[in-house]
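# Tertiary structure, described
If you want the building blocks of each chain, they are given just below.
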Amino acid sequence: MSNITPNVVKNVIARVGLTPSKKKKEWCGYWGKHMKAVSFRNLQPFHKVNHFPGTFEIGRKDKLWKNLHRSQLKYSKKEYDFIPLTFCLPTEWKTFKRYWDEHGHKSKWIIKPPASARGIGIKVIHKLNQIPKKRSIIIQKYLASPYLINERKFDLRVYVYVSSYDPLRIYVYNNGLVRFATSKYSHSSKSLSNRYAHLTNYSVNKNSDSYIKNEDESSIDSHKWYSSVDIHRAVVTYVT
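Residues numbered from 1 in each chain as written. Predicted model: local features only at pLDDT ≥ 70, side-chain atom pairs only at ≥ 80, totals over all residues. Heavy atoms only, no water.

Attention now goes to the layout of surface pockets. Of the voids in this model, the second largest pocket is the one considered here, and its volume is about 250 Å³. What lines the second largest pocket is a set of 13 residues, and nearest its centre among them are W65, H69, Q72, K77 and L85. (1 Å grid on protein atoms, 1.4 Å probe; cavity = no way out; pocket = protein on both sides within 12 Å on 5 of 7 lines; lining within 4 Å. Points joined across faces, edges and corners; volume = space filled by probe spheres on them.)

What follows is about the packing of aromatic side chains. Following the criterion strictly, the structure yields 14 aromatic pairs and no others. Relative to W109, the ring of F96 lies with its centre 5.2 Å away and its plane at 85°, an arrangement referred to as edge-to-face. Of this pair, F96 sits in helix α5 (residues 93-102) while W109 sits in strand β4 (residues 109-112), placing them 13 residues apart in sequence. This pair shows no difference in class: F96 is buried, exactly as W109 is. The structure contains a cluster of three or more aromatic residues connected by ring pairs, namely F87, W93, F96, Y99, W100 and W109. (Phe/Tyr/Trp six-rings, centres within 6.5 Å; stacked < 30°, edge-to-face > 60°. Helix = DSSP H or I, 4+ residues; strand = E, 2+ residues; numbered from the N terminus. Buried < 20%, exposed > 50% of the residue type's maximum accessible area, 1.4 Å probe, protein only.)

Moving on to the nonpolar core. Within the largest apolar cluster, ten residues are counted, these being F87, L89, F96, W100, W109, I111, I125, I131, I137 and I139. Those elements that provide at least two residues to this core are β3 (86-89), α5, β4 and β6 (137-141). Residues within four places of L89 in sequence aside, it is in contact with F96, I131, R135, S136, I137 and I139. Judged by nonpolar contacts, the second largest core, of nine residues, contains I122, Y142, L192 and L199. (Core = buried A, V, L, I, M, F, W, Y, C linked by side-chain atoms within 4.5 Å. Contact = heavy atoms within 4.5 Å.)

Now the structure itself:
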């Protein structure tokens, strides 16, 4: 474990009777950052770790896009049309600038750090001078007409456990979350600086004066819904 290990993980480990160890040769499970290649090579059959080798290739936003783009070129964009137009800057600046000059200046774009979380560093922009020139970022065409519930943006948090890639074995947890922006969505460019309208991250919206904490898992009057039956059916009922 490490100093960033979630409390829920620490509690589960303690509940099953395991104890943390700093001895390199006396351990059976590891929960932490992605191991280096040499550490994976030294694993024994009884060792359990929380990352497969190379999972950062889909865990980082820039690497995820590069792998998806590679698949688009190999299998066609039609098979991978679920991700918006994306550029890795500053590496793809010339290609992005060409697109901007031809089409992009009429659109809104969303900027994201390649390896961050919790809404840190994310902005929605519509002017070229708002884009950092030297810092590494991911820039994507903003979906300006998203699905809404109660006039607000939302996202679905579905939990899965992948125990094997060969053969592929995935377990999907029945419960999930629906997270909401605390401000009503607006198409207006004047609203782009309002993170409470354009981002659904809990770490962002919990700081809003309008945030309503969920005190009852069956409630749909808060900014975080819990689903114990069918999260998709619940969303379809309210989506606009």
